[in-house]
Amino acid sequence: MLKLVILTTTTLFLLAQITSADQHVTSSTCRSYVTLMTENLMEISARHYRDSDPEMTEEKYATYFKRDTTPTRMFRERFGAAASSAQFTKFVLTLAYADSPVASGMDADKLRDELNDHLAADELEEAREIIGHILLIVNDIFVEGASDDCSVEKRCLTSTHKYAVSQTLKDELARLKTDIAVEKWEELLGIRPSIETPYVDDQFFTILGTEPKTTSRLSKRSAEGSETVKSNKDYVVLTKREFKKSDTSAELSFAVDCSISTILVEATKQCGGMKVYHPNSTEGRPLTWLEDKLELKVESSKRLGEWSIRSNGEVKKGCQIKVSALSTMGFFLTTVVPKKTGTGYQVIHSTPTPYLSLGCLLDFYGLKRAKAGTTYVAEQVRLVDNQGLDIIDPIKVDTDVNGAVSFFLPYGFDSLRSFRIQVEGTNAAGTKFVRMAPKLIELSSLLIEYDMSEVIIRPGLKVKIPVKVTNYGAEQVIYMDVWDEAQYSSLKPTQSKIGHNETKLFKMFVDVPEDAPPGSFSKYVVLGRTKRSAQSQPSVAVVQDKAPLKINSIVVTAIINSRFAETTIQTTVTNNHTIVREAEIDVLLPVDAFVTNFTMDVNGKITVGQVEEKKKADKIYNKAKQIGVTAGKVASRQKSDRDFRQSLMAAAGDKIIFTVTYQQLLYRYDNSYDYSVMLNPNQAVNHLTVDVHIVEESPLMFVRTPGFAPRDTKYDAKSVADEAPEGSIINFSADRRACHVKYSPSIEDQTETSSFGLNGKYSVLYDVSGQDMFGSMSVQDGYFTHFFAARTLPVRPKAIIYIMDISGSMSGTKMEQARETLRQLINLHDENDMFNVIFFSSGTRVWKDRELVAATPENKLAAIEFVDTHGWASGSTNIHHAYHVGFNTFEEYTELLDEEKSWMNDEMMERANRRKNQLTDYWKMICFLTDGMHTTDWKTNDEIAALVKARNNNRLHIHNVAFGSGADYDFMQQISAENNGLTRRIFENMDAAASIRDFFYEVTNVLMTNVRIEYEKEKVISTSQNEFDYISKGKEVIISGRINQDTIDSATLLADKDFAYKISGKLTGRGSSSDMVIDFEIDPFKTSRVASSKHQIAQFSERIWAFMKVKKLLEGIKTSTTEDELAAKTAEALELSLKYNFVTPLTSIVVMKDADRQKVVKELLKDEEMKVTATVAPVTAPVTTTQYLGGSITTQAPYLTNPVTGGNTGNYGGVYADPHVVLPLKSGVNLCFNWNGNDREVHNLIFHPKTGLAVNGMMVKAPVGINSMNGKDRVYIHTIAFIVPKSNANIIFTPNNITIAHYGVEKFTIPITSQFSISRQGLDFFVYEVHASIVKIQVKIDGVEYKLMIHRKSRVPHVDLIFEDLTHKKTVGKLDGVIGQYYGKGVHLTTSEDDEDHALLRIGEELADVKKYMMKMNPITRTQEPCWFSVSGGEALSKGEHSRFIVDSLESKPKYETTTTTSATTTTVSPEDPASNDDSLKSHHSVLTALFKEK
């Protein structure tokens, strides 16, 4: 006896594995991959017809597409497509049931090449299958070996994968549409007719062409014109019969249903004369003789019922009869067998074998739209042999054939039987239908088993694969062979005698040549045959790359300061191979993060990605591609593509360190902050650590980690334990304002669920406590961040009706995201909340009619089941009716309107009063989502809005989501505004479900509304945002602002500092029942807990302000209403993005090898024809493109000593810090002194009268509280200017910008955000190191080298300067200035015999006492050497007093007095200073000269 397991579904999906006859099959509750493919292909096809018809406007498209939409109905009735629903369905199934042929490594580009070859050869079936493989491989889903859930019945997709697969399908078909003829593209999708032919292929249905007048693609594609377009129909098999022996007569019956228009009867010559009889007829129509068969084609003329075929006489042995019909309804058969590994089933690509489990999947199409009221139901499935006899009892089923029928034989067949699948059923009127699978299922006595998925095939490697062959027939000789496209394989032995039920082992050898390209693949087929049976077992093997580079370590360091997180991921790999290999980094970024840095360190040589304005980056990148060099471009996410992926070819032995840094702001959701980092190294890593350092101004209420989990896992902090899971450690500081979370998974931990290592996210959840009524503050360096969460306010219960659009245009990813949103929102309700769910399209489907129910666990489960069962897209969009039903459901819970009372009896009024009183203290709301426009009737938006407003009468808050680009946002906004609600536009992307959920959760859990936070205008000059529509439970608003520095400076002069330092603020808003006003103050000099921590993001408070400012500007760009507004917001956002090194939609990072950069620069220089001196760039010098003279100038660094390590640093003089001056005047003699000045004073440091070169520095005073050891105010050099007349240029360096002023040309300013260089006529400078806090610059003027270190994140932003020995030949002649005055003169040092720490130093004719001293370390050279210190700023050795060196401005030259020098004296002639000729002064100098005359 055969034991059967049957599964029927009303969706298009499937089954579960059967391991014994006693087990039951349950259908998968997840989303069908078949349905996903159907919905996406419907959308692609519909948009294709819209685009190809000039009369099809967007409005018409939305109207027609949003009606009741099945594939056939959409094509025929909505767009007039002369297309076949069967071929469309076949394409869907080919994609959905495609098996991934390999474990990993297949090159998608090579698959695309093969796809193009098949299309060129008109091999559409093969082309469709390859597209299915591409979807799986590109998105790494259902890949054998990657997961146990890769069988056809377990293809459950996460929201991320659904979006990714849909996008890949659209991208691949869009690419093909540009590469092939549109007719071929339509044929591939199954939406174009084939040439008419009477031939019926046993394997698949054949498409018949329509009459010439109907085949034009220019036919009207509208509801009115489509009825004149005749849709294609397909030949389906009704029955087949073969007669094994002669008989005196023969008769065969078959059923004709309303979907059939033409019947084709074929018979072989052995059948003799035959006639076809329709119901109630006595005169049959004879079959016509053709060359080798009988044939008759007749129109059914809607004669429904049982037809028959009768022979005119004797029927001979071998007679075969087949009845086909031209029909709009049929099914496709897919056979499946258990997977070789794991659980579940896979599509069978060989012949079934006796005794082994076999499954059949029957996917129906097309009947639902055949005729109104003619929904057919399958009643039984029969397995019939060639004589039409049942080989097992009929299988009783009861399902709508718009779905699928699946059945399984757990133990297969006990003999070599061949059969066909026949489905029988009826409609409500009793009309019978019969469909038969055209393909005969034959069994083979041979079973061939081998597994290519575990085999690694690499160039130069020969592998042996065992092949097991089992014979279920009589003992016989089995002949074996193997075929593969690449001819790499052989099989031994080629034959062997195998007994009954015996298994023997054969060996297949695959020998891959050295030159086989990695990623290439070959199809393998192992063939076995006997005299009476044959078997084949196909497979695919991919030539793998050489073993992937081993990742040595992944170190993730995250610092969170006041909710602002900076994550640095450092990945180290080493190429231990003897050949060049590719090293790659692949990081998934959070959705709202900005990348701020990317570097590649190869053996100590660092390549830094440069943040550029997007157009400039595109120009560099496109030029790189044009000239054929490798370049990477990291842009902001498009369509939420959050992958950061870069690769680099690594030579043998290379050690590569990839470093990615990104920043994000953590937002409070459901009473916690969630920090997550994504990890997917695709291998186990010996050293993998995640360190999360949290530092907050307020005490930490809790810090919890659920550990590592799949990427889409959502957590409720309340359900996560305080104890750290295995592999994690949580340590708090003593004051609980800081916490360190460390995660160090072992190899066993990483490979617990997959041999490929971790693939998911590590999460840390935390919250802060102890906030004041106005929230909490974080203040640093003139910037503040204000957090307010309204934690002390009570939460009102709520009554909500969710109204969700399920019209046809919601199909695909949007519908799945809408369902997922509803599931999560329902689960988030408190038990005292009340809710209901309504779906709408043309009509509505209500979960609980005219009732709100409590959000108990039982009711939540029931509501979710309703969502999963009924939340499927079809129909048009009736927005007015949806609101109407929502009001009907709510009306008894609100204050009734007069017209509502008018139709109620006493019992109804009593119930309404009771329900109204039940919800007295509740927020009452409708949450409405739609993706389109009202299309069902002719009501205008204004009419609907007026009806909604009148019916609501301010009783309910109506919140709307306009989902996708087709939604009528203005209409939704109008309704919300007139009904005390809010509207959000959410676009289609992988994060849409979370965005919808967050919006509805926020607006339905409101604590305060109309929130406004104001600060003293004269003291706070810029805030990110200060008005908020509402504050929700568990969330907080964040305001970041910049304090007016001038106000602070003025305040410091006041005696009462405690009062003067405060900045007043006011927070206003409305709570659940009353208005609220909260006054507060900000202390701009408040001691910051974050600022005192060693785990600090450089100038975090300022970066929070910049981050939020850029986010707000980017949002404002989308909503700008004028060109001027758009331009202003774009310019400001770009400026901030470049200044703070953010990769935003306006900027990109360009990553390129240094040698390639040089090539690109040269080409761009040629293109721009700029007359800039091009010199050879240093090995580490990058390239930049800078706007200059109204055009684009690309500059390149000159040949310079390695700025990091090159040069003899001991010979460098310097002026640094506050400021210290150290001058190496000769070997062993370093002069040092401190220089002082006043705030904003400009001092000349170096002046060379011969060339006019001047170096000036502007002083800046440190803020109050930063005093020197003697209590005096400190000053630093804030800005340095180089005046270079020889180059006709002035260059000014500030902590954030470089300004270049070429004489006679307008100045231009370059933000210091990335490496770049400029070379011009003896002036070269190179920004060679850029960090958030430190910038290093090298300048060469006439061969003399200067180096600058800019400290832009210190408490006092300033510039340090060092320089080569100024006695360089290029500076021959007198030097002057604070520094220059000491060079080019004789230097003599005489130490005291009594005290070695004191000496007399003579420089030229000047003499002074000095003492031995150890000056602070030079921050640029990192050296600290002893020096001889001169007091009072070296005044005793100087040419003049402090005021002598002050100049008018940064770009002014000094006006020093002329001097005359004799052998014994130096006389200064100054008309303003008659005392300068005093004889006593001359005498003093003469004595000193005589005493220290060099011998």
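Quick caveat: nothing in here was measured; it's all calculated off a predicted structure.

Broken down by element type, the protein chain carries 25 helices and 81 strands. Taken as a whole, the protein chain presents about 63,600 Å² of accessible surface, with 48% of it coming from carbon and sulfur.

As a further point, take the packing of aromatic side chains. Taken as a whole and assessed by the stated rule, the structure comprises 29 aromatic pairs. Between Y1140 and F1142 the ring centres are 6.2 Å apart and the planes differ by 25°, which places this aromatic pair in the stacked class. The interplanar angle of 55° and the centroid separation of 6.0 Å between the aromatic rings of F1326 and Y1328 together place this pair among those described as tilted. Grouping aromatic residues by their ring pairs yields a cluster made of F1233, W1235, F1247, Y1382, F1445 and Y1456.

This brings us to the side chain of R915. With respect to the helices and strands, the residue R915 is situated in helix α15 (residues 906-918). At 3.4 Å, the side chain of R915 and the side chain of Y893 are in polar contact. Every residue in contact with R915, bar those within four places of it in the chain, is listed here: R850, E851, E892 and Y893.

Once that is clear, we can look at helix α16 (residues 941-952). For α16, which comprises 12 residues, the first-to-last C-alpha distance of 16 Å matches the rise-based estimate of 16 Å (1.5 Å per residue) to within 8%. Buried residues of α16: I944, A945, V948, R951 and N952, and no others. End-on view of α16: buried residues confined to an arc of 135°, all on one side of the axis. With respect to the buried face of α16, the exposed residues turned more than 90 degrees away are D942 and A950. Each element contacted by the buried residues of α16 is listed here: α13 (879-890), α14 (898-901), β50 (957-963) and α17 (969-977).

Next up on the list: the confidence of the model for the protein chain. In this model, the protein chain carries an average pLDDT of 76, and 78% of its residues clear a pLDDT of 70 or more. Strand β41 (residues 738-743) holds the highest mean pLDDT among the elements of the protein chain, 96, whereas strand β60 (residues 1191-1196) holds the lowest, 35. Below a pLDDT of 50 lies the segment residues 1-31, which in the model reaches 105 contacts outside its immediate sequence neighbourhood of four places, other chains included. Within the model, pLDDT remains below 50 along residues 1169-1209, and this stretch shows 112 contacts once partners closer than five positions in the same chain are excluded.

This brings us to the environment of I579. Within the element layout of this structure, I579 appears in the loop between β28 (564-574) and β29 (581-588). Since its relative accessible area comes to 40%, I579 is described here as partly exposed. Distance in space between the C-alpha atoms of I579 and A652 is 5.2 Å, their sequence separation being 73 residues.

Turning our eyes to something else, we now look at the state of the cysteines. Counted by the stated rule, this structure contains 2 disulfides. A sulfur-sulfur distance of 1.8 Å marks the disulfide that ties C271 to C319. In this structure, the disulfide formed by C271 and C319 twists by about 100° around the S-S bond and is classed as right-handed. Here C271 is found in the loop between β4 (260-268) and β5 (274-277), whereas its partner C319 is found in the loop between β9 (305-311) and β10 (320-327), with 48 residues between them in sequence. Across the pair, C319 and C271 agree in class, each one buried. With a sulfur-sulfur separation of 2.1 Å, C1232 is cross-linked through a disulfide to C1427. Between C1232 and C1427 the sulfur-sulfur dihedral comes to about 75°; the bridge is accordingly right-handed. On the criterion of sequence distance, the pair formed by C1232 in strand β63 (residues 1229-1234) and C1427 in strand β78 (residues 1426-1429) is long-range, its members being 195 residues apart. Both residues of the pair, C1232 and C1427, count as buried.

Residues D113, D117, E123, E126 and E129 make up a contiguous surface patch of negative charge. Contributions of two or more residues to the negative patch are made by α5 (108-120) and α6 (124-138). Its place among the elements puts D113 in helix α5. On the basis of relative accessible area, D113 is assigned to the partly exposed category, the value being 47%.

Now for α13. The periodicity of an α-helix, 3.6 residues per turn, causes residues three or four places apart in sequence to face the same way. Look at α13: 17 Å from first C-alpha to last across 12 residues, which is about the 16 Å you get at 1.5 Å a residue. Burial analysis of α13 places 10 of its 12 residues in the buried class, which makes it a mostly covered element. Taken residue by residue, α13 has I879, H880, A882, Y883, V885, G886, F887, N888, T889 and F890 as its buried positions.

Of note, the bond from K492 into P493 is cis; its omega dihedral lies within 30 degrees of zero at -10°. Following the sequence through the fold, P493 ends up in the loop between β22 (489-492) and β23 (495-498). Of note in the backbone geometry, N980 takes a positive phi value of approximately 55° without being a glycine. If you trace the backbone, N980 turns up in the loop between α17 and β51 (983-986). Classification of N980 as partly exposed rests on a relative accessible area of 41%.

This part takes up the sheet that holds strand β75 (residues 1387-1391). Taking strand neighbours across the sheet as the criterion, the 12 strands line up as β70-β71-β72-β73-β74-β61-β62-β63-β78-β77-β76-β75 in an open arrangement whose pairing is mixed. With one partner strand each, in any of the chains shown, β70 (1316-1320) and β75 form the two edges of the open sheet. Mean inter-strand twist for the sheet, computed between neighbouring axes without regard to direction, equals 25°. Direction of pairing for strand β71 (residues 1323-1330) relative to strand β72 (residues 1334-1341): antiparallel, over a ladder of 7 bridges. Paired with V1330 across the bridge in β72 is V1335.

Here 8 strands make up an open sheet; going across it, the order is β31-β30-β35-β28-β27-β38-β41-β40 and the pairing mixed. Each having just a single partner strand, β31 (605-608) and β40 (728-732) make up the two edges of the open sheet. Taking each pair of neighbouring strands and ignoring which way they run, the sheet shows an average axis angle of 15°. Pairing between strand β27 (residues 550-561) and strand β38 (residues 687-695): 9 bridges, direction parallel. Within the sheet, the bridge partner assigned to S553 lies in β38 and is H687.

The biggest cluster of nonpolar side chains holds 72 residues, and the ones touching the most others in it are M37, L173 and I321. Every residue in contact with I321, bar those within four places of it in the chain, is listed here: T239, K240, R241, F243, L252, V265, E266, A267, C271, M274 and I309. Counting residues in hydrophobic clusters, the runner-up holds 67 residues, among them V1229, F1233, I1312 and V1344.

Let us look at the packing of helix α11 (residues 813-827) against helix α12 (residues 857-870). Two elements in contact, α11 and α12, have axes separated by 10 Å at closest approach and are oriented at 175°. Viewed along their axes, α11 and α12 adopt a mutual orientation that is roughly antiparallel. The segment α11 lies against α12, with R819, L822, R823, I826 and N827 engaging K860, A863, I864, V867 and D868. Per-class residue counts for the contact of α11 with α12 are 5 nonpolar, 1 polar and 4 charged.

Following the criterion strictly, the structure yields 41 salt bridges and no others. Across the pair R563 and E696 runs a salt bridge whose closest N-O atoms are separated by 2.8 Å. Residue R563 is found in the loop between β27 and β28, and its partner E696 is found in the loop between β38 and β39 (700-709); the two are separated by 133 residues along the sequence. Here E816 makes a salt bridge to R819, at a shortest N to O gap of 2.7 Å. With E816 and R819 both in helix α11 and 3 residues apart, the pair spans about one turn of that helix. For the pair E816 and R819, one class covers both residues: buried.

Definitions and cut-offs
Residues numbered from 1 in each chain as written. Predicted model: local features only at pLDDT ≥ 70, side-chain atom pairs only at ≥ 80, totals over all residues. Heavy atoms only, no water. Helix = DSSP H or I, 4+ residues; strand = E, 2+ residues; numbered from the N terminus. Areas by Shrake-Rupley, 256 points an atom, 1.4 Å probe, with all protein chains shown as cover. Phe/Tyr/Trp six-rings, centres within 6.5 Å; stacked < 30°, edge-to-face > 60°. Polar contact = N/O pair within 3.5 Å; in protein donor to acceptor, adjacent residues only side chain to side chain. Contact = heavy atoms within 4.5 Å. Expected span 1.5 Å × (residues − 1). Buried < 20%, exposed > 50% of the residue type's maximum accessible area, 1.4 Å probe, protein only. Arc of directions from axis to C-beta. pLDDT = per-residue confidence, 0-100. Disulfide = S-S within 2.5 Å. Patch = residues over 30% accessible without salt bridge, like charges linked within 9 Å, V, L, I, M, F, W, Y side chains within 5 Å. Salt bridge = Lys/Arg side-chain N within 4 Å of Asp/Glu carboxyl O. Lys, Arg positive; Asp, Glu negative; His and termini not counted. Charge placed at Lys NZ, Arg CZ, Asp CG, Glu CD. Pairing = 2+ DSSP bridges. Axes fitted to C-alpha atoms, helices over the stretch in contact; angles between N-to-C directions. Core = buried A, V, L, I, M, F, W, Y, C linked by side-chain atoms within 4.5 Å. Parallel < 35°, antiparallel > 145°, perpendicular 65-115°, else oblique. Nonpolar A, V, L, I, M, F, W, Y, C, P; charged D, E, K, R; others polar.

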